[in-house]
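Below, each chain spelled out in residue letters.
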Amino acid sequence: MAFAGNVDELALLQAVRLKEQVSAAVLAEHLGVSAASAQAAYDALLTQGKAEEVAEGRIGLTDAGLSELEDQLDAERVSIDEDSIAEVYESFVPFHEEFVGLIESADAEQLADLDRRASVVFDDLSAFVPRLSRYQDLFADALAKAAAGESKWISEPVIDSYATVWTELRKELLGASGTAE
């Protein structure tokens, strides 16, 4: 559903929840929208009471925002084939186990290899939950920066590093499949 700044509201709300507190600049990068669109969406969340400022230039969801997010996630889940998404989750589990064992000592080449092999799972997930296709772009961006020698893009927690994006995508997949951690 288009929101202020022509930003998908569900993706916006979920990004704020997953990141806990975000700036408009972080939203722009994470959602792949212009700075102006992200700022408009950020401002609209505040105006509508779905978010509140939690630090200078950063917002977090309010109870109203969390409630709206849950309603939208419930509506999205109704449209997802449960058996198919369960299969995607089962296909993801071995890659996740490998990722957990790899991330502490990973280099860009190892992550690129894992990414190539897991791409079929990411493609399947995007087919069932189209808004999650953005994660593939985030993975590619993090890998490109890591391959260019910026090692923080492998596992730095406060940016959309490969590890951060992986963790968020896993949470999205768990939610979509109705799987408890």
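Structural data are supplied above this passage.
Everything numeric here is computed off the predicted structure, so don't read it as measured data. (Residues numbered from 1 in each chain as written. Predicted model: local features only at pLDDT ≥ 70, side-chain atom pairs only at ≥ 80, totals over all residues. Heavy atoms only, no water.)

Draft legend 1. Quick look at the overall build of the protein chain. When helices and strands are counted, the protein chain shows nine helices and two strands. Listing each helix as α and each strand as β along the protein chain from the N terminus yields α-α-α-β-β-α-α-α-α-α-α. In summary, the protein chain has a C-alpha radius of gyration of 16 Å against a globular reference of 16 Å for 181 residues, a match within 12%. In terms of overall dimensions, the protein chain has a C-alpha envelope of 45 × 40 × 25 Å along the principal axes. The long-range share in the protein chain, meaning contacts at least 24 apart out of those at least 6 apart in sequence, stands at 59%. The average position of the 13 basic charges and that of the 36 acidic charges among the side chains of the protein chain differ by 3 Å. (Helix = DSSP H or I, 4+ residues; strand = E, 2+ residues; numbered from the N terminus. Rg over C-alpha atoms; globule rule 2.2 N^0.38 Å. Contact = heavy atoms within 4.5 Å. Lys, Arg positive; Asp, Glu negative; His and termini not counted. Charge placed at Lys NZ, Arg CZ, Asp CG, Glu CD.)

Draft legend 2. The arrangement of the pattern of salt bridges in detail. On inspection of all chains with the given rule, the structure shows twelve salt bridges. Note that Glu-29 is salt-bridged to Lys-145, the shortest N-O span being 3.9 Å. One end of the pair, Glu-29, is in helix H2 (residues 24-31); the other, Lys-145, is in helix H7 (residues 134-147), and 116 residues separate them in sequence. A relative accessible area of 41% places Glu-29 in the partly exposed class. Linked through salt bridges whose partners overlap, the residues forming this network are Glu-98, Asp-113, Arg-116 and Arg-117. (Salt bridge = Lys/Arg side-chain N within 4 Å of Asp/Glu carboxyl O. Buried < 20%, exposed > 50% of the residue type's maximum accessible area, 1.4 Å probe, protein only.)

Draft legend 3. Seen up close, empty space enclosed by the protein. Applying the stated criterion across every chain, the model contains one cavity of 30 Å³ or more. Looking at the largest cavity, its volume works out to about 30 Å³. Lining the largest cavity, in full, are Phe-122, Leu-125, Ser-126, Leu-132, Tyr-135, Gln-136, Phe-139 and Leu-169. Within the residue set of the lining of the largest cavity, elements represented by two or more residues are helix H6 (108-128) and H7. Here the lining of the largest cavity is composed, by residue class, of six nonpolar, two polar and no charged. (1 Å grid on protein atoms, 1.4 Å probe; cavity = no way out; pocket = protein on both sides within 12 Å on 5 of 7 lines; lining within 4 Å. Points joined across faces, edges and corners; volume = space filled by probe spheres on them. Nonpolar A, V, L, I, M, F, W, Y, C, P; charged D, E, K, R; others polar.)

Draft legend 4. Spatial organisation of the layout of surface pockets. Reported here for the largest pocket is a volume of approximately 460 Å³. Together, 21 residues line the largest pocket, and Lys-19, Pro-157, Val-158, Ile-159 and Thr-164 are the ones closest to its centre. Of all the elements in the fold, those that place two or more residues in the lining of the largest pocket are helix H1 (9-19), H2, helix H8 (152-155) and helix H9 (162-177). Of the residues forming the lining of the largest pocket, the biggest block, five residues, is contributed by H9. Taken together, the residues of the lining of the largest pocket sort by class into nine nonpolar, five polar and seven charged.

Draft legend 5. Layout of H1. Burial runs high along H1: ten of the eleven residues are buried. Glu-9, Leu-10, Ala-11, Leu-12, Leu-13, Gln-14, Ala-15, Val-16, Leu-18 and Lys-19 are the residues of H1 that are buried. Where H1 begins, one side-chain oxygen reaches toward the backbone nitrogen of Leu-10, 3.3 Å away; that side chain belongs to Asp-8. (Polar contact = N/O pair within 3.5 Å; in protein donor to acceptor, adjacent residues only side chain to side chain.)

Draft legend 6. Examining the side chain of Glu-172 more closely. Along the chain, Glu-172 falls in helix H9. Contacts of Glu-172, omitting those with residues within four sequence positions, involve Gln-14, Leu-18, Arg-131, Leu-132 and Tyr-135.

Draft legend 7. Broad picture of the packing of aromatic side chains. On inspection of all chains with the given rule, the structure shows eight aromatic pairs. Ring plane angle 40° and centroid distance 6.4 Å describe the contact between Phe-99 and Tyr-162, whose orientation is recorded as tilted. A residue pair is termed long-range when its members are at least 10 positions apart, and Phe-99 in helix H5 (residues 82-102) and Tyr-162 in helix H9 qualify at 63 residues. Given the relative accessible area of 5%, Phe-99 is considered buried. (Phe/Tyr/Trp six-rings, centres within 6.5 Å; stacked < 30°, edge-to-face > 60°.)

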